[in-house]
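# Coordinate analysis (summary)
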Amino acid sequence: MLEPVGDETPETGVVLSDNPATGRPIAGVRLDTEASYEQVLSEAIAGFDRWRRVPAPVRGQVVRAIGEELRRYLVPLGELVALEVGKIRAEGIGEVQETIDIADFAVGLSRQLYGKTMPSERPEHRMLEQWLPLGPVGVITAFNFPNAVWGWNAMLGAVCGDSLIWKPSLLAPLTAIATNAIAERVAREMGHEGVFNLVIGTDDVVGERLIHDGRVPLISATGSCRMGRHVGAVVARRLGRTLLELGGNNAIIVEPDADLDLAFEGTFFGAVGTAGQRCTTTRRLIVHESIAETLTERLVEAYKDVKIGDPLDRSTLVGPLINSRSVDQFLRAIEQAKQQGGEVLVGGERVTGDGLGGHFVRPTIIRAPASGPFPISHEETFAPILYIFSYRDLDEAIAMQNDVDQGLSSAIFAGSVRATERFLSPAGTGSDCGLAYVNLGTSGAEIGGAFGGEKDTGGGRESGSDAWRQYMRRQTVTINHGSSMRLAQGIEFGASS
Ligand code: NAD
């Protein structure tokens, strides 16, 4: 009997990918070994050496072709995401669309890997910066975005001239195989082998080897804060670079003059979407006391009606959690919340019944105690639990929002520009998160901006804006085109001084 997926060290050499909606296996995947890891690494190193020599705009054409091929596979790949990790079909397809969007972005970027020029203090000298390919980049991905997180890293890394070594979660190996196969085939058919590489293995055998590997200058790792603390320390010890995208504990603040319809919709999608399994899921709602009751009642009513079921059924809004361990964590968090004075207003239980043989739970709202500590709300329980707090003034609400270890996504719903500007204060005294939304929920980032968070979220930035720079190395160049040797800072050095 093979071990179920998610067990950390399957001894059979095969991992089973389960359908979380049924709990039954979809397929088995052979795990990489030390020897096959070495093989993949040598291909990635050789691939890098060829790929770095290809002009960046030509690399962009390869990425363009990959984006086109992903467009052809948008629906089946999105459905595979839904089947393997349980997010609803629309979100599975949306995730693949995100990879297509970042591919489009990367194509343009391939002609815009700009360096600066700066005036030299010395006559007949010129200074400039150039950006050079970095090397094979290790990409470690979490289960909950089994396609797009690779896309953010791989599409940018590829136009920057890097080869990629993707180590996906063992909870989503099938999406990784399908996605990488598309990119690898397109690149190979265009004459570029060894750019897109995949290793699927346990954290002990493959994960640890990758993060310790001095031949891999950058490790981009997405997952829990616990994983990031370990990966960050290991890579720092060898003076490698990391790009860490870790857990969130995201809050929405609702001011008394907010548009309550907008606040309701933003909170509902943010808290319930992807069954609470997004890094940007809304986990805390901080509502002004004058409207707390109204908004809470509206949310509770909507939660009662939410359709839970097969993620591939188009009428479903909430699919399953990824595995039974997640269900246990959900139930444990609810018990702790109750012991700490929280009041369960809706949900709080497992959902079973016809067609619900997998890991289903009911989205849950818990009212936080009016005062005193509520430590469970400081944790990221990767499940649909929303804690509701109330407040009297905005400074207090912002302090509550910032009072967690993570710093990924934040939002405010407000009518007054004074409140929104207080939240976005240029002095940095507002939201302390990497993402700040006004009259939008915490979830659903666009690819054009840099994505990531502060504090225990790890500080990394992926996707748009200037995130590409992390996949390259910067070289500052100074050229003397005169005939005398001049030192900087006017230093005279030599026999005549
Ligand atoms: P996880 O930390 O359990 O695993 C993430 C990845 O790290 C997996 O591929 C896993 O195999 C790998 N890993 C773990 N230990 C390793 C080791 N010693 N060496 C190398 N690799 C190792 O996280 P998960 O349960 O898959 O995903 C959920 C978490 O990811 C949540 O905390 C969520 O907030 C976070 N997440 C963050 C972002 C973001 O952009 N900030 C995006 C998606 C998910």
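Residues numbered from 1 in each chain as written. Predicted model: local features only at pLDDT ≥ 70, side-chain atom pairs only at ≥ 80, totals over all residues. Heavy atoms only, no water.

### Concerning the pairing of strand E6 (residues 164-167)
Here E6 shows no split at all, with Leu164 and Trp166 on one side and Ile165 and Lys167 on the other all buried. One ladder, built from 4 bridges, connects strand E5 (residues 137-140) with E6; its direction is parallel. Within E6, the position partnered with Ile140 by the bridge is Lys167. Following the chain from E5 across helix H5 (residues 148-159) to the adjacent parallel E6, one finds a crossover that is right-handed. Note: E6 against strand E7 (residues 196-198), 3 bridges, orientation parallel. Within E7, the position partnered with Ile165 by the bridge is Asn197. This β-α-β element, E6 to helix H6 (residues 173-189) to E7, shows right-handed connectivity. (Buried < 20%, exposed > 50% of the residue type's maximum accessible area, 1.4 Å probe, protein only. Helix = DSSP H or I, 4+ residues; strand = E, 2+ residues; numbered from the N terminus. Pairing = 2+ DSSP bridges. Right-handed = clockwise from strand over helix to strand, strands pointing away.)

### Comments concerning the domain arrangement of the protein
If you check the domain split of the protein, you get domain 1 (6-245 + 466-477) and domain 2 (250-448). Centre-to-centre, using C-alpha coordinates, domain 1 lies 30 Å away from domain 2. The interface is formed by 27 residues belonging to domain 1 together with 27 residues belonging to domain 2. When domain 1 packs against domain 2, the two sides together hide about 2,100 Å² of surface, and 63% of this comes from carbon and sulfur. In this structure, the connection of domain 1 to domain 2 is made through 1 salt bridge. In this structure, Glu91 engages Arg278 in a salt bridge whose closest nitrogen and oxygen atoms are separated by 3.2 Å. Looking at the side of domain 1 that touches domain 2, the elements that each hand over two or more residues are helix H3 (74-85) and helix H4 (89-109). No other element matches the 6 residues that H4 contributes to the side of domain 1 that touches domain 2. The class makeup of the residues in the side of domain 1 that touches domain 2 is 13 nonpolar, 5 polar and 9 charged. (Domains from an automatic or database assignment. Contact = heavy atoms within 4.5 Å. Buried area = accessible area lost by both parts, 1.4 Å probe. Salt bridge = Lys/Arg side-chain N within 4 Å of Asp/Glu carboxyl O. Nonpolar A, V, L, I, M, F, W, Y, C, P; charged D, E, K, R; others polar.)

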